[in-house]
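Below are the chains, spelled out letter by letter.
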Amino acid sequence: MNIKTKLLLGVGLLAGMIILLVIFSVVNLELLTATEPNSPEALPALQRALLWISIIGGVCIVISLFLFAWLPRSIDKPIKMLTRGILEIANHNYDKRLELNNNEEFSEVVDGFNRMAEHLTEYRLSTLSDILSAKKFLEAIVNSINDPIIGLNREREVLFINNEALNVLNLKREHVIRHSAEELSLKNDLLRRLIRELVTPGQKKEPLKIYADNKESYFKAFYIPIVSGSTEGVPAQSANLGDVILLKNITEFTELDSAKTTFISTISHELKTPISAILMSLQLLEDKRVGELNEEQVQLSKSIRESSERLLNITGELLNLTQVEAGKLQLMPKITKPIELIDYAIKANRVQADKFNIQLEVAYPEGKVSKLFVDSEKIAWVLTNLLSNAIRYSKENSRVIIGARQDGEYIELFVKDFGKGIDPRYHQSIFDRYFRVPGTKVQGSGLGLSISKDFVEAHGGTLTVESELGKGSRFVIRLKT
């Protein structure tokens with residue numbers, strides 16, 4: 001029975017009862033008016049009329065109350081069932097079905113709802129199957145990677161980890177997946193070192209030394225942030241979804257680097273002896289007590305001395321480099337005045353400055369300057385190297401300024417030249433080993449600035465450059481007092 005029929009039936013029944021009540025009341029009223037009031041039949045007739053009017057009126061009231069309770073509920077019930085069904089679908093309960101067989105108006109809606117729920121169920125099953133298939137495929141890809149890899153979400157819970165990472169970290173998959181990496185790191189030193197970079201970024205990343213596969217291995221950690229981008233045609237704000245930690249096995253390169261360092265160290269030590277012998281022999285050759293040299297021989301001996309000294313400087317730089325690379329750099333700090341370091345550098349480069357007619361100027365404050373607690377030999381070597389570079393890259397008859405200044409609890413030692421300057425593109429690269437600015441004609445090994453930076457940073461200081469093309473360069477050593 002549809003709603004229209006229910007309404008017609010209810011309204012018609014109620015209207016019929018009211019009409020019946022009116023007709024019966026009118027008929028009884030006519031009968032009563034036709035009877036004499038004082039006749040003995042008047043009172044029973046009146047009582048019978050009131051009784052039937054009360055009965056018919058009561059039936060009308062009962063029917064109206066029944067219709068008032070039944071009719072709205074019969075209409076409201078399917079609407080509520082449909083609403084509950086929609087809410088179930090919204091809560092991903094796609095198995096929900098509606099049954100309203102006695103309601104013609106909602107039959108099409110119910111059939112459409114049930115068909116929609118069926119399609120959603122099929123879609124969920126197919127989508128879930130695709131997701132599981134894609135998940136297995138991605139897991140296979142991750143496990144096929146030879147390098148250890150760990151995936152974390154924004155809460156730093158482990159989403160995936162391959163077998164190589166489990167082997168290196170000595171963990172089991174069931175104890176790792178969906179567990180907090182920070183909590184796991186409390187019992188795992190290696191994982192703690194990996195997580196530390198995510199918690200406090202900016203630390204110097206040293207290669208990780210790990211004992212795996214019955215041998216010592218070296219790994220370099222790479223941290224790759226996972227950022228959501230825009231979908232096809234729909235721009236979206238980027239959001240950090242997590243991080244991937246990739247450990248690259250650099251054992252082979254570390255061993256080669258160690259072999260290279262050992263080779264350089266050995267060769268440097270072996271070269272110093274014959275070079276010193278050459279210089280000794282040259283000194284004896286130049287001794288006038290042995291005999292006078294002609295002008296051509298003097299020039300040859302001078303060339304030999306310059307080449308030998310340059311070779312000796314290179315071997316010294318290589319030895320310093322091997323100390324830094326091997327981690328054997330030993331500092332012997334002592335209290336030193338900055339002016340003493342400047343005087344040492346000037347004396348070491350006086351001959352070279354006179355050769356190119358370079359005027360050395362000292363910029364030192366008149367007031368009190370704090371003393372430094374540093375390895376004076378190494379900082380003096382750095383300052384000497386910077387001054388030597390400034391002289392070599394300056395034009396003849398120019399000037400170079402070397403000095404110091406107090407900046408709070410820091411002391412800045414600086415060397416400034418007025419040469420052609422350094423292109424801003426190479427301000428960072430000049431501190432790399434063996435790097436030389438393209439187009440440079442001055443001879444050099446490309447190690448001096450790299451070793452200088454290592455020496456300064458070993459003291460907790462910084463070595464920076466300020467330079468513009470055509471305006472010269474200014475190198476600054478910044479050390480804490």
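Residues numbered from 1 in each chain as written. Predicted model: local features only at pLDDT ≥ 70, side-chain atom pairs only at ≥ 80, totals over all residues. Heavy atoms only, no water.

Participant: Would you mind going over the overall build of the chain in detail, with residue names and values included?
Facilitator: A count of helical and extended segments in the chain gives 11 helices and 12 strands. Looking at the chain residue by residue over its 481 residues, the buried ones come to 33%. Carbon and sulfur atoms make up 57% of the accessible area of the chain, which totals about 31200 Å². (Helix = DSSP H or I, 4+ residues; strand = E, 2+ residues; numbered from the N terminus. Buried < 20%, exposed > 50% of the residue type's maximum accessible area, 1.4 Å probe, protein only. Areas by Shrake-Rupley, 256 points an atom, 1.4 Å probe, with all protein chains shown as cover.)

Participant: Quick one: what's the story with the sheet that holds strand β7 (residues 359–363), residue by residue and with numbers?
Facilitator: Spatial ordering of the open sheet is given by β7-β9-β10-β12-β11, a layout of five strands whose pairing is mixed. Where the open sheet ends on each side, the last strands, each with one partner, are β7 and β11 (462–468). Neighbour-to-neighbour, the strand axes of the sheet open up by a mean angle of 15°, direction not taken into account. Note that strand β10 (residues 410–417) and strand β12 (residues 472–480) share seven bridges and pair antiparallel. Residue Lys416 lies in a different strand from β12, and its bridge partner there is Arg474. Its contacts with the sheet put helix α11 (residues 448–458) on β11 and β12, and the angle it makes with β11 is roughly 135°. (Pairing = 2+ DSSP bridges. Axes fitted to C-alpha atoms, helices over the stretch in contact; angles between N-to-C directions. Contact = heavy atoms within 4.5 Å.)

Participant: Please provide a residue-by-residue account of the packing of helix α10 (residues 376–392) against α11, values included.
Facilitator: Their axes nearest at 9 Å, the elements α10 and α11 cross at an angle of 150°. Like other packed secondary-structure pairs, α10 and α11 cross with a definite hand, here left-handed. On α11, the residues that touch Lys378, Trp381, Val382, Asn385, Leu386 and Asn389 of α10 are Gly448, Leu449, Ile451, Ser452, Phe455 and Val456. Considering only residue class, the contact of α10 with α11 consists of seven nonpolar, four polar and one charged. (Left-handed = near helix turned anticlockwise from the far one by under 90°. Nonpolar A, V, L, I, M, F, W, Y, C, P; charged D, E, K, R; others polar.)

Participant: Would you mind going over the pattern of salt bridges in detail, with residue names and values included?
Facilitator: Scanning the model with the defined rule gives 14 salt bridges in all. The partner of Glu182 in a salt bridge is Arg156, with the nearest N and O atoms 3.0 Å apart. Here the residue Glu182 occupies a position in helix α5 (residues 181–185), and Arg156 occupies one in the loop between β1 (149–153) and β2 (158–161), the gap between them amounting to 26 residues. For Arg156, a relative accessible area of 24% corresponds to the partly exposed category. Between Glu412 and Arg405 there is a salt bridge, with the nearest N and O atoms lying 3.0 Å from each other. Each of Arg405, Asp407, Glu412 and Arg478 takes part in salt bridges that share partners, so that together they form one network. (Salt bridge = Lys/Arg side-chain N within 4 Å of Asp/Glu carboxyl O.)

Participant: Give a detailed account of the side chain of Ser450, specifying residues and quantitative values.
Facilitator: You can see Ser450 is positioned in helix α11. Judged by its relative accessible area of 5%, Ser450 is buried. Beyond its immediate stretch of four places on either side in the chain, Ser450 contacts Phe431, Asp432 and Arg433.

Participant: Break down the packing of aromatic side chains for me, citing the residues and quoting the values.
Facilitator: Applying the stated criterion across every chain yields a total of two aromatic pairs. Here the aromatic rings of Trp381 and Phe455 are separated by 5.6 Å at their centres, their planes lie at 70°, and the arrangement is edge-to-face. Placement of Trp381 in helix α10 and of Phe455 in helix α11 is noted, with a sequence separation of 74 residues between them. Residues Phe431 and Phe475 carry aromatic rings whose centres are separated by 6.4 Å and whose planes lie at 80° to one another, so their mutual orientation is edge-to-face. Taken together, the residues Phe431 in the loop between β10 and α11 and Phe475 in strand β12 connect sequence positions 44 residues apart. Residue Phe431 shares its accessibility class with Phe475, and that shared class is buried. (Phe/Tyr/Trp six-rings, centres within 6.5 Å; stacked < 30°, edge-to-face > 60°.)

Participant: Explain a nonpolar patch on the surface residue by residue, including any values.
Facilitator: Among the surface-exposed residues, Leu51, Trp52, Ile55 and Val59 lie close enough to one another that they form a single nonpolar patch of about 370 Å² accessible area. One can find Ile55 in helix α2 (residues 42–90). Here Ile55 falls in the partly exposed class, since its relative accessible area comes to 40%. (Patch = residues over 30% accessible without salt bridge, like charges linked within 9 Å, V, L, I, M, F, W, Y side chains within 5 Å.)

Participant: Mind laying out the nonpolar core, listing which residues take part and the relevant values?
Facilitator: Core analysis: the largest hydrophobic core is formed by 38 residues, its most contacted members being Leu383, Leu387, Leu413 and Ile477. Of all the secondary-structure elements, those providing two or more residues to this core are α9 (338–355), β8 (372–374), α10, β9 (399–407), β10, α11, β11 and β12. Look past the residues within four positions of Leu387 in its chain and what remains in contact with it is Ala345, Ile346, Asn349, Leu360, Val400, Ile402 and Val415. If you look at the next biggest cluster of nonpolar residues, it comprises 23 residues, including Leu152, Leu194, Tyr223 and Leu247. (Core = buried A, V, L, I, M, F, W, Y, C linked by side-chain atoms within 4.5 Å.)

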